Amino acid sequence: MADPALPPSVAQPASSPVLTAGGIVLAIGGLYFGRDIFIPFALAILLSFALTPLVNWLRRLKLPRIAAVLIAVTLAFILIGGIGFVVGRQLVQLANNLPTYQTTITQKIRSLQQTAPGGGIVEKVTSTIQDLGKEISGGETSEDKPVQAPGPALRGTPQEPVTVRLEPPSPRPLEVIQTIVGPLLAPLATAGLVIIFVIFVLLEREDLRDRFIKLAGAGDLQKSTQAINDAAARVSRYLLMQLLVNLSYGIPIGIALYFIGVPNAVLWGLLAAVLRFVPYLGPFLAALFPIALAVAVDPGWTMLFWVVGLFLIAELVSNNVIEPWLYGSSTGLSSLAIIMAAIFWTTLWGPVGLFLATPLTVCLVVIGRYVPRLEFLGILLGSDPVLAPEERLYQRLLAGNLEEAVELAEDYVDERSSREFYDNVGIPALRLAENDRQRSTTDTSYRRLVADTAICVVREVEDHVREKATSDDEPNDKAGGGRVPPADEARILCLAGRTELDRAAAEMMAQALGERGIGARVLPPIAVTQGALGQLDLQGVNVVCLSYLHPQPQVYARYICRRLRRRAPHVKLAVCCWNPAPGIGQTDALAKQMAADAAFTSLEVCIDQVDAWVTRTPSSAGTSPAHPGTEQEQLEALHELGVASVSGRRFDEVSRKVAQAFGAPIALVSLYNEGGRPRNEAADAAVDPHASGRPAHESLDAHVMAANEVLVSEDVTEDPRFADDPLVLEKGIRFYAGAPLRTRSGVVVGSLSVIDTRPRQFPEPDRQRLQAMADELVADLERQTSDSESHSRMAVPSAGANRL
């Protein structure tokens with residue numbers, strides 16, 4: 001905490017960006033004015049990175065540190081000196097041969113002038129312009145030379161001018177030494193400083209590292225160590241890989257130039273290897289000298305074409321084959337950053353800065369990653385994307401830039417899959433839009449623009465996946481691979497919870513399900529309003545998925561789930577919470593809060609569960625509606641049957657007879673209730689129909705009424721339709737068989753079921769007999785209704801009772 005007695009500028013100096021900018025300016029000034037010291041030190045640090053592996057290898061041979069360092073430094077500078085000696089000899093040889101190339105160059109220039117279109121025209125135009133210039137300036141000609149007036153000089157002998165020659169005195173010995181050695185003192189001094197720095201950096205490497213950590217770490221040893229390791233790894237890898245690339249570039253060029261016939265091929269090969277350390281400009285400079293020499297040596301043009309072709313092929317192979325194979329990963333610098341760094345360091349330190357630009361900039365980028373106040377260096381110079389994929393997509397959606405958004409999506413889908421794109425990029429981008437909506441930073445038009453553009457991206461991705469599958473299907477047709485499975489009929493209903501953003505997320509989920517081969521349709525938020533919810537078409541629907549980007553969707557989802565549960569008890573309800581609040585809890589508890597079968601926060605988990613549900617449940621296409629007849633029709637059919645006037649003992653008697661007929665402990669008659677749930681009218685003592693909460697058999701009966709056919713589960717715990725229903729499993733139900741109670745008009749008003757606490761077989765004859773008993777019960781009720789029109793009291797037909 002800052003001392004309150006100090007002024008703000010003194011108490012918190014690190015909080016001022018002006019101080020940071022001032023420090024950067026002072027550092028740049030120090031690097032410029034202190035370049036005589038910093039250049040040797042930077043070269044020494046760079047060489048120490050390259051020599052550290054050799055020193056470590058010598059140390060593993062049990063050599064002392066001083067001996068290992070001296071051997072490594074000696075070998076390095078012997079190699080550098082040898083290369084310099086070879087280059088010097090080649091330069092001397094080239095200088096001695098240059099006069100012999102003058103005649104060839106002159107002949108080529110003359111031949112170019114003569115063979116060029118309109119040869120000689122340039123010379124004629126030039127001489128004409130010169131003559132005209134003399135005329136305009138009053139220059140004398142042969143006709144009008146001025147006449148010299150007679151004078152004394154004409155009468156005597158003309159006097160010749162006297163030539164005066166000034167010769168400097170003979171140089172002294174010290175001046176001769178200064179003239180020869182003076183230009184060499186600066187390079188020799190720099191080389192000596194580099195040698196000294198390299199030796200001491202290698203000897204005190206651990207101590208220098210500890211001091212840097214103490215100085216820059218500010219108590220955070222982890223970040224300081226990571227920064228040093230990262231910088232060392234990147235620079236060492238850059239130097240090693242660049243050396244291998246340059247050698248694989250320079251050696252073949254030197255050999256090829258030798259066979260082509262270019263003089264001093266060794267010099268040009270070494271020059272190509274060294275100049276390639278210079279980013280972008282180095283290969284061009286390396287090719288310039290051999291090309292010029294080819295023009296001077298060969299009287300024709302064949303050698304020139306060979307040299308140009310050689311450098312073009314070497315550059316293409318190096319850039320497209322050697323570098324990707326050796327580098328594997330880049331140094332972390334963008335292309336623009338490399339160019340700007342080369343300009344910056346060349347301005348500060350001259351040609352040496354051009355060679356040091358890339359490794360020094362790599363160190364700056366690493367510092368920017370671990371020092372918060374210098375983070376802008378990593379952002380400006382690094383090659384890593386500064387925006388996450390979801391942020392990039394959200395920016396394109398905000399701008400309405402459909403083309404770039406589709407390109408980003410297709411590239412991601414090609415690398416991974418559409419499901420991963422939606423799970424990792426698409427839905428997180430919509431989450432950012434929802435968070436902005438919660439903060440009220442975007443108006444309705446922007447939210448609608450984001451949603452509409454996102455839906456268009458989904459359509460384009462769907463077409464892209466289909467086209468890709470079609471193209472892959474041709475070579476894989478015989479093998480049966482490479483084809484997206486065709487989607488079934490729309491068995492999944494994806495509902496948007498509240499906003500257009502929820503609909504975009506539902507579209508993504510539907511497209512991912514379709515790619516899995518599961519048909520799905522999407523409805524907008526208006527479909528779940530109070531008036532429209534009761535009109536939803538649930539024909540053939542197995543699963544309803546609610547999509548929410550709101551952080552707290554429990555209240556909204558619970559209302560919809562309860563309404564849907566009353567309408568279609570057999571349908572699985574899933575709530576997808578794409579933007580859960582931090583303290584929203586586990587998905588199981590969340591599903592219970594919303595009266596849903598499951599809750600998901602991940603698209604992958606949601607698709608897997610929906611796929612499992614659909615696989616367990618056979619398609620109901622072509623069968624009766626999910627709830628045969630509307631709720632009003634079912635209630636009217638029950639009223640016409642007069643079940644309200646039937647005594648409970650009548651249903652108890654039917655249940656006992658059915659249980660005895662099948663040797664089961666429990667048989668139940670369940671009728672449709674006004675609330676949309678089956679109402680139990682009779683039960684054995686093993687099941688308490690008046691227990692608190694929803695009866696355990698209710699969901700089983702609801703399936704029978706929805707399917708409008710006999711339903712049998714020989715082992716409920718192994719049946720995927722009910723294996724995850726705790727209300728069924730907690731009551732100990734193991735066997736269930738139910739038949740629908742259908743009126744003559746085909747309206748299902750209830751079910752007749754047989755329940756056992758142990759698994760059992762229920763063959764097809766038993767299923768037919770159970771359905772016959774259910775039909776007979778409804779027939780008895782209908783006959784009772786017809787008799788009640790002529791009698792004032794209810795009577796149960798004895799014939800029907802005997803048949804039951």
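All values reported here derive from a predicted model rather than from experimental measurement.

Regarding the environment of E315
Now for step 1: Mapping E315 onto the fold places it in helix α13 (residues 302-327).
Now for step 2: The exposure class of E315 is partly exposed, given its relative accessible area of 21%.
Now for step 3: Between the alpha carbons of E315 and Y249 there is a distance of 7.9 Å; along the sequence they are 66 residues apart.
Now for step 4: Residue contacts for E315: discarding those within four places in its chain leaves Y249, R276 and P283.
Now for step 5: Within the local environment of E315, its side chain forms a polar contact with the side chain of R276, the two groups lying 3.2 Å apart.

Description of the pattern of salt bridges
Now for step 1: Tallied over the entire structure, the rule returns 22 salt bridges.
Now for step 2: Close ionic contact of R396 with E404 constitutes a salt bridge, the shortest N to O distance being 3.2 Å.
Now for step 3: In this structure R396 comes out as buried when scored by relative accessible area, which is 16%.
Now for step 4: When its relative accessible area of 37% is taken as the criterion, E404 is described as partly exposed.
Now for step 5: One salt bridge connects D608 with R516, and the closest N-O pair in it is separated by 3.1 Å. Residue D608 is found in helix α25 (residues 603-616), and its partner R516 is found in helix α21 (residues 500-516); the two are separated by 92 residues along the sequence.
Now for step 6: Three or more residues joined by partner-sharing salt bridges are found here, namely R419, D423 and E604.

Some thoughts on a nonpolar patch on the surface
Now for step 1: Judged by side-chain polarity, L243, L247, I251, I255, Y258 and F259 come together as a nonpolar surface patch covering roughly 660 Å² of accessible area.
Now for step 2: Tracing the chain through its elements places Y258 in helix α10 (residues 221-260).
Now for step 3: For Y258, a relative accessible area of 61% gives the class exposed.

Description of the confidence of the model for the chain
Now for step 1: Per-residue confidence for the chain averages 76 on the pLDDT scale, and 75% of its residues sit at or above 70.
Now for step 2: Here helix α31 (residues 798-803) is the element of the chain with the lowest mean pLDDT, 34, and strand β3 (residues 543-548) is the one with the highest, 92.
Now for step 3: Counted against residues more than four places away or in other chains, residues 1-15, with its pLDDT under 50, gives seven contacts.

Things to note about empty space enclosed by the protein
Now for step 1: One pass over the full model with this rule turns up one cavity of 30 Å³ or more.
Now for step 2: Counted as a void, the largest cavity has a volume near 40 Å³.
Now for step 3: Lining of the largest cavity is provided by R650, F651, V654, L777, D780, L781 and Q784.
Now for step 4: Sorting the residues of the lining of the largest cavity by element identifies α27 (648-662) and α30 (764-788) as the ones contributing at least two each.

A look at unusual backbone geometry
Now for step 1: Despite not being glycine, K62 shows a phi value in the positive range, around 70°.
Now for step 2: With a relative accessible area of 76%, K62 lands in the exposed category.
Now for step 3: The backbone phi angle of A595 is positive, close to 55°, even though this residue is not glycine.

Considerations on the packing of helix α19 (residues 418-438) against α21
Now for step 1: Across the interface, α19 lies against α21 with an axial gap of 10 Å and an inter-helix angle of 175°. By the criterion of interaxial angle, the relationship of α19 to α21 is roughly antiparallel. Across the interface between the two elements, S418, R419, Y422, G426, I427, L430, A433 and E434 from α19 touch L501, A504, A505, M508, Q511, A512 and E515 from α21.

Remarks on the packing of aromatic side chains
Now for step 1: All chains considered together, the criterion is met by ten aromatic pairs.
Now for step 2: For the pair Y258 and F259, a centre-to-centre distance of 5.5 Å together with 80° between the ring planes defines the contact as edge-to-face. With respect to class, Y258 is no different from F259; both count as exposed.
Now for step 3: Here Y412 and F421 contribute two aromatic rings whose centre-to-centre distance is 5.9 Å and whose plane-to-plane angle is 55°, an arrangement assigned as tilted. In terms of burial, Y412 and F421 fall into one category: buried.
Now for step 4: Taken together through their ring pairs, the aromatic side chains of F344, W345 and W349 make up a single cluster.
Now for step 5: It is R35 that lies over the ring of Y32; its NZ or CZ is 4.4 Å from the centre.
Now for step 6: The ring of F735 is capped by R760, whose NZ or CZ atom sits 5.2 Å from the centre of that ring.

Side note on the pairing of strand β6 (residues 666-672)
Now for step 1: Counting buried residues along β6, seven of its seven residues qualify, which places the element largely inside the surrounding structure.
Now for step 2: Burial along β6 is two-sided: I666, L668, S670 and Y672 facing one way and A667, V669 and L671 facing the other are all buried.
Now for step 3: Bridge analysis of β6 against strand β10 (residues 748-756) gives six bridges, and the strand direction is antiparallel. Among the inter-strand pairings, L671 is bridged to a residue of β10, identified as G750.

What counts, and at which threshold
- All chains use their own residue numbering, which begins from 1 and follows the written sequence.
- A pLDDT threshold of at least 70 governs which residues receive local features in this predicted model, and a stricter bar of 80 or more applies before side-chain atom pairs are shown or counted, although totals over entire chains, interfaces and linings include all residues.
- By convention in this description, side-chain values take in all heavy atoms of the structure and omit both hydrogens and water.
- Helix and strand labels come from DSSP, where a helix needs a run of H or I of at least four residues and a strand needs a run of E of at least two; each type is numbered from the N terminus.
- Here's how the labels work: a residue is buried when its accessible area is under 20% of the maximum for its type, exposed when over 50%, partly exposed in between, all with a 1.4 Å probe on protein chains only.
- We call two residues in contact whenever any of their non-hydrogen atoms come within 4.5 Å of each other.
- In the analysis that follows, any N or O atom pair within 3.5 Å is treated as a polar contact, provided that within protein one partner can donate a hydrogen and the other can accept it, and provided that, for residues neighboring in sequence, both atoms belong to side chains.
- Salt bridges are identified by distance alone: a Lys or Arg side-chain nitrogen within 4 Å of an Asp or Glu carboxyl oxygen.
- Patch definition: residues with relative accessible area over 30% and no salt bridge; like charges joined within 9 Å; nonpolar side chains (Val, Leu, Ile, Met, Phe, Trp, Tyr) joined within 5 Å.
- In this description, accessible areas are obtained by the Shrake-Rupley approach with a 1.4 Å probe, and a residue is regarded as covered only by the protein chains that are shown.
- Values of pLDDT, which run from 0 to 100, indicate the predictor's confidence residue by residue.
- With a 1 Å grid laid over protein atoms only, a set of points is called a cavity when a 1.4 Å probe fits there but cannot get out and a pocket when it is open yet has protein on both sides within 12 Å along at least five of seven lines; lining residues have an atom within 4 Å of a point.
- Grid points are joined across faces, edges and corners, and a volume is the space filled by probe spheres set on the points.
- With axes taken as lines fitted to C-alpha atoms, and helix axes fitted only over the stretch in contact, angles between N-to-C directions fall between 0 and 180 degrees.
- Our angle categories are set so that under 35 degrees counts as roughly parallel, over 145 as roughly antiparallel, 65 to 115 as roughly perpendicular, and the remainder as oblique.
- Centres within 6.5 Å make a pair out of two Phe, Tyr or Trp rings, where for Trp the six-membered ring is used; the pair is then stacked when the planes are under 30 degrees apart, edge-to-face when over 60, and tilted otherwise.
- Only when the NZ of Lys or the CZ of Arg is both within 6 Å of the ring centre and within 35 degrees of the ring normal is a charge said to sit over the ring.
- Whether two strands pair comes down to DSSP finding at least two bridges between them.

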